[in-house]
Each structure stands twice: as C-alpha cells, then as structure tokens.
Amino acid sequence: MTQVKRIGVLTSGGDCSGLNTAIRAVTFGALTKGWEVFGIHNATDGLFSRPMNYRRLTMADFEFPYATLGGTMLGTNNSGNPHVQMKADGTTEEVTTEELYQRFKDGVQELGLSALVVIGGDGSMALVSKYCQHAGISMIGIPKTIDNDAPCTQQAIGFATARSVVMDALDKLDTTAASHHRVMVVEVMGRGAGHLALEAAIAGFADAALIPEIPYTYEGLLAHLKHGQAAGKKHALVVVAEGLKTPDGKHHFAGNGRTYGGISGYFEERLREDGFNVRANILGHVQRAGTPVASDRLLASAFAVRAIELIADGQNNRVVAWENGKVTDFDLSYILKVANSPVDPNGAMVRVARSLGIYVGNEK
Ligand code: F6P
C-alpha cells in the first residue's frame, strides 16, 4: 500500500495580505494530488511548543472566506524568542537549542511530514531549512514581503496589496490636503527599500517620493514644492519611506526602538518652518492588511502550485520566484548569497517618476 504524502505549511515573519491565499493554494494543490496538509501555527513555534500547535487543513477550512482576508490564519512570529515556549497549562518554559531541534524532529515525525512549505522571508527560510535538515525533510520557500526587496524575485506576496493600500490612502489624503491647501507628508513602510513608497507615489499622483536608495537634499524638496506653488499648486503629497535618513544621516526609530518610524515628523517640522501648512501621517500597519488584490492572489496561487510541484519532484531547499511573467525557482543557498533587491536608481520606475515631475532626489 502506498503511503499518503503529508506536508506542512507555515507562515513566518511579518504578516501581509495574500498569506491566506497562499495557504489555501498550498492546501488545494496538495489535496488535488491526494496528499494531506498540516498547517503549523505561529511559525515554527507550532512544532516547538508542547503540546504542538497545528491543524489539519482541508477544503472545509476555506468555507469561511479566509482566503480573501488579510493576515494569516496560521498565525506568525517575527520577533519572538523560540527558547521560551508555551506549556499546556499556559505557563512558559525555557528550551535549549538542542531541545528545539529535537522537538522539531519529533513533531515532524509525529505528523509524518516529508516536506515543509515556508511562506516567509529568506531569513526564516534559512533558519527553518536547518531544522528541516536535522529532521530529514525538505523545505520549499515562498517569498512574501510588502517591502518587495526579497532576493531573486521581481514580486513577493503582499507588495501589490500594500501598494494599493498606500495609493488609496494618498487618494484620501489628497482631498483633505487640497481642501486645506496643505502639504501632506506621508510615511510609508519598507524598511531599507523604497519600492512601496516609489510605486505608490506614482500611482497616487504624489509630488515627491523620498526613498533610501536615492540621495536627496531638503533644499531640493523645498525648491520642488515652491516651484509647484509658483505654478499654481496649492497642495502637495510628499511620500517618504520609513527607512530614509535625514539630510544629516540619521534614521528615525519607532517606539519599540527596533523598526523605523517617525521620519515624516522631521519633514513636517522643517516645511512648517519654511512657511508651509503641513501635516505628517504615518500609515503604519494598515499597509500590511486588507483584502489581497487580484495580482497578489494570482502570485500566491502560482507560487503555491510551483511549491507543490517541487515537492512532488523530490526537491529540497528551493525557493520560488517571479521572473519576467512566470514562476521559477532558485536554490536557497543562492538566494542567501544574493543581496536583497533595492530600488534601482536608474530603473524604469524612477524614470517614470522623474518624467512625471515627481521629486525623487538628486539626479546624478
Ligand atoms: O518587513 C516588513 C515590515 O512591514 C516593514 O516594512 C516594517 O518596517 C516592519 O515589517 C514592521 O515590523 P513589525 O511587525 O515588527 O512592526
């Protein structure tokens, strides 16, 4: 009798829209092959905690429209300490690294898994891959990030929806800015990458997009806004990426001291000093939420199908990617050697922005 193949799926790192679509597609793709699927809760914690925290996934799990919701139905983790694990009675216990490896292996064996699909960033994939190797199972990665800076893929799950969320916010802020003849400084997520700020600024008809990849001067921004005023523009939208440095080279950090946040306040203050009626807006985690747009659903579905094919083909440590209109895959070791992909200062989107008169920093 042939044994039914069992696979696991988990989400790891910061959430974004499209994760549930990916979980659904992994599940449906596997069930279509006659396999069984186990969703692991809260990233690898689901296999580390005792009792384990997982659920068997079936088509019935998607009767309630999870796949159209933002967030992740499996839960995730981007800052937790795996050495502190929850016990059945709700208290926590300290677990050593060796014990984590052992628990992971025992968990995988108990569930009978032969492969694990990791929907996350390359850091998560690298870590989980080590556990998988120890447990003797394969790891297949699916990239997700609203920052869109994952190595080797032109698009990651979550980016398209976040870009639409920011564009919608800009559309709304534009009406209030126009009514009050104000400059709105809009701070957008993206850590060290400006893809989200740049593309949303173009789609949302902003006047400026300041991103970490392109040097700028405050005077350059000021001159641009004054030029707009002289031409009859009574309001403006200035998009700033959270990972931008102030002209004197400083990052602004959020209250947690770990993630960026607050750079918009710097520009609010300076523009006010220069006579503008100005307000700063930090869009925050709303950018990681919302119904996934069609292109994120398509990407998540196509990625999941390739992940299932790779498992069926007996592959290990492969990461799916989007390249020139189709899905491809790379070896994890290669992904880890390639740096994250920032905005190309000479790339198509920067050229579009500049050609539309959007200030994106200094031209060389
Ligand atoms: O990397 C994704 C991201 O959303 C960044 O754009 C942002 O800086 C960070 O995560 C926020 O992380 P946290 O969930 O820890 O606030």
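Remember, predicted model here, so these are calculated numbers, not experimental data.

A. Highlighting the pattern of salt bridges. A complete count under the given rule lists 15 salt bridges for this structure. Here Arg-272 ties to Glu-268 by a salt bridge, and the two come within 3.2 Å at their closest N and O atoms. A residue pair is termed a helical-turn pair when its members lie 3 or 4 positions apart in one helix, as Arg-272 and Glu-268 do in helix α8 (residues 263-273) at four residues. Classification of Arg-272 by relative accessible area gives partly exposed; the value is 41%. Classification of Glu-268 as buried rests on a relative accessible area of 17%. Measuring nitrogen to oxygen at the nearest pair gives 3.5 Å for the salt bridge that ties Arg-318 to Asp-331. With Arg-318 in strand β12 (residues 318-323) and Asp-331 in strand β13 (residues 326-331), this residue pair connects regions lying 13 residues apart in the sequence. Classification of Arg-318 as buried rests on a relative accessible area of 19%. Through salt bridges that share partners, Arg-306, Glu-309, Arg-318, Asp-329 and Asp-331 make up one connected network.

B. Fine view of the site of the ligand. What surrounds the ligand is the set Asn-78, Ile-146, Asp-147, Met-189, Gly-190, Arg-191, Glu-242, Arg-258, Thr-259, His-285 and Arg-288. At 3.1 Å, a backbone N or O of Gly-190 approaches an oxygen atom of the ligand. In the environment of the ligand, an oxygen atom lies 2.9 Å from a nitrogen or oxygen atom belonging to the side chain of Arg-288. When isolated, the ligand has an accessible area of 400 Å², and the protein chains bury 87% of it. Put simply, the ligand lies in the largest pocket. Residues belonging to the shell around the ligand are distributed by class as follows: two nonpolar, four polar and five charged.

C. Structural view of the nonpolar core. Ranked by size, the top nonpolar core spans 62 residues in total, and within it Ile-7, Val-117, Ile-142 and Leu-198 carry the most contacts. Per element, the largest residue contribution to this core is eight residues, and it comes from helix α9 (residues 294-312). Beyond its immediate sequence surroundings of up to four residues, Leu-198 is in contact with Ala-209, Ile-211, Val-343, Met-349, Val-350, Ala-353 and Val-360. Met-52, Val-95, Leu-116 and Val-319 belong to the second-largest nonpolar core, a separate cluster that totals 27 residues.

D. Structural detail: the packing of aromatic side chains. The full count for this structure, using the stated rule, is ten aromatic pairs. An angle of 20° between the planes, with centres 5.8 Å apart, marks the rings of Phe-330 and Tyr-334 as stacked. Cluster of aromatic residues (ring-pair linked, three or more members): Phe-48, Tyr-101, Phe-104 and Tyr-131. Here the guanidinium or amino end of Lys-5 rests over the ring plane of Trp-35, the centre of that ring lying 5.6 Å away. Directly above the aromatic system of Tyr-218 lies the positively charged group of Arg-270, at a separation of 4.0 Å from the ring centroid.

About the criteria used
- Residues numbered from 1 in each chain as written.
- Predicted model: local features only at pLDDT ≥ 70, side-chain atom pairs only at ≥ 80, totals over all residues.
- Heavy atoms only, no water.
- Salt bridge = Lys/Arg side-chain N within 4 Å of Asp/Glu carboxyl O.
- Helix = DSSP H or I, 4+ residues; strand = E, 2+ residues; numbered from the N terminus.
- Buried < 20%, exposed > 50% of the residue type's maximum accessible area, 1.4 Å probe, protein only.
- Near = heavy atom within 4 Å.
- Polar contact = N/O pair within 3.5 Å; in protein donor to acceptor, adjacent residues only side chain to side chain.
- Areas by Shrake-Rupley, 256 points an atom, 1.4 Å probe, with all protein chains shown as cover.
- 1 Å grid on protein atoms, 1.4 Å probe; cavity = no way out; pocket = protein on both sides within 12 Å on 5 of 7 lines; lining within 4 Å.
- Sits in = over half its atoms within 2 Å of the grid points.
- Nonpolar A, V, L, I, M, F, W, Y, C, P; charged D, E, K, R; others polar.
- Core = buried A, V, L, I, M, F, W, Y, C linked by side-chain atoms within 4.5 Å.
- Contact = heavy atoms within 4.5 Å.
- Phe/Tyr/Trp six-rings, centres within 6.5 Å; stacked < 30°, edge-to-face > 60°.
- Lys NZ or Arg CZ within 6 Å of the ring centre and 35° of its normal.

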